[in-house]
Amino acid sequence: QVQVVESGGGWVQPGGSLRLSCAASGSEYSIYVMGWYRQAAGKQRELVADIQSGGTTNYAYAVKGRFTISRDNAKNAVYLQMNSLQPEDTAVYFCHVLYFQVEYWGQGTQVTVSS
């Protein structure tokens, strides 16, 4: 069983930055894909970015050029650096792990962008 725990998030003014962190524990082998999803109020959960163990990244169009995903394979950790945040980035952000075709999710962390 893999446990996923996020940290970071909070409130920031438009144009500001935040960094999310996520650590996965309980995996015996390397985790193939780690990433971040978000869910705004009244909307479906959507992919923000993900990264494979080899470093290949994938970003949603809405965050390209503003967000950067990275990971530390030795720590089974993934990070999301969010710059130039806008009100439309307000959502609950979830860490996602794909391990042997099984999905694991963190509990979510709120990101609020407002003036």
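Our structure is the block above this text.
Owing to the predicted nature of the structure, the values given are computational and were not obtained by experimental measurement. The residue numbering used here restarts from 1 in each chain and proceeds along that chain's sequence as written. Where local features are concerned, this predicted model is filtered to residues with pLDDT of at least 70; where side-chain atom pairs are given and counted, the filter is 80 or more; whole-chain, interface and lining totals use all residues. Here the side-chain values reflect all heavy atoms present in the structure, with hydrogen atoms and water set aside.

## Overview of the nonpolar core
Note the following rule: The set of buried Ala, Val, Leu, Ile, Met, Phe, Trp, Tyr and Cys residues whose side-chain atoms join them within 4.5 Å is what this entry labels a nonpolar core. Buried, partly exposed and exposed residues are distinguished by accessible area as a fraction of the type maximum, computed with a 1.4 Å probe on protein chains only: under 20%, between the cut-offs, and over 50%, respectively. Secondary structure elements are defined from DSSP: runs of H or I of at least 4 residues count as helices, runs of E of at least 2 residues count as strands, and each element is numbered from the N terminus. For this analysis, residues touch if any pair of their heavy atoms sits within 4.5 Å.
Core analysis: the largest hydrophobic core is formed by 29 residues, its most contacted members being Trp36, Leu80, Met82, Tyr93 and Val97. Take this core: its biggest share by element is five residues, from strand β9 (residues 91-99). The contact partners of Tyr93, leaving out residues within four places of it in the chain, are Glu6, Leu20, Trp36, Tyr37, Arg38, Val48, Phe67, Leu80, Met82, Gly108, Thr109 and Val111.

## Some thoughts on the packing of aromatic side chains
Basically, it comes down to this: What counts as a ring pair is set by centres within 6.5 Å for rings of Phe, Tyr and Trp (its six-membered ring), and what kind of pair is set by the plane angle: stacked under 30 degrees, edge-to-face over 60, tilted for all other angles.
Per the stated rule, a full pass over the model turns up four aromatic pairs. Residues Tyr37 and Trp105 carry aromatic rings whose centres are separated by 5.0 Å and whose planes lie at 70 degrees to one another, so their mutual orientation is edge-to-face. With Tyr37 in strand β4 (residues 33-39) and Trp105 in strand β10 (residues 102-105), the pair connects residues that are 68 residues apart, well separated along the chain. According to the relative accessible area criterion, Trp105 is partly exposed, its value standing at 32%. Relative to Trp105, the ring of Phe94 lies with its centre 6.5 Å away and its plane at 85 degrees, an arrangement referred to as edge-to-face. Of this pair, Phe94 sits in strand β9 while Trp105 sits in strand β10, and the two are 11 residues apart along the sequence. Residue Phe94 is classed as buried on the basis of its relative accessible area, which comes to 10%.

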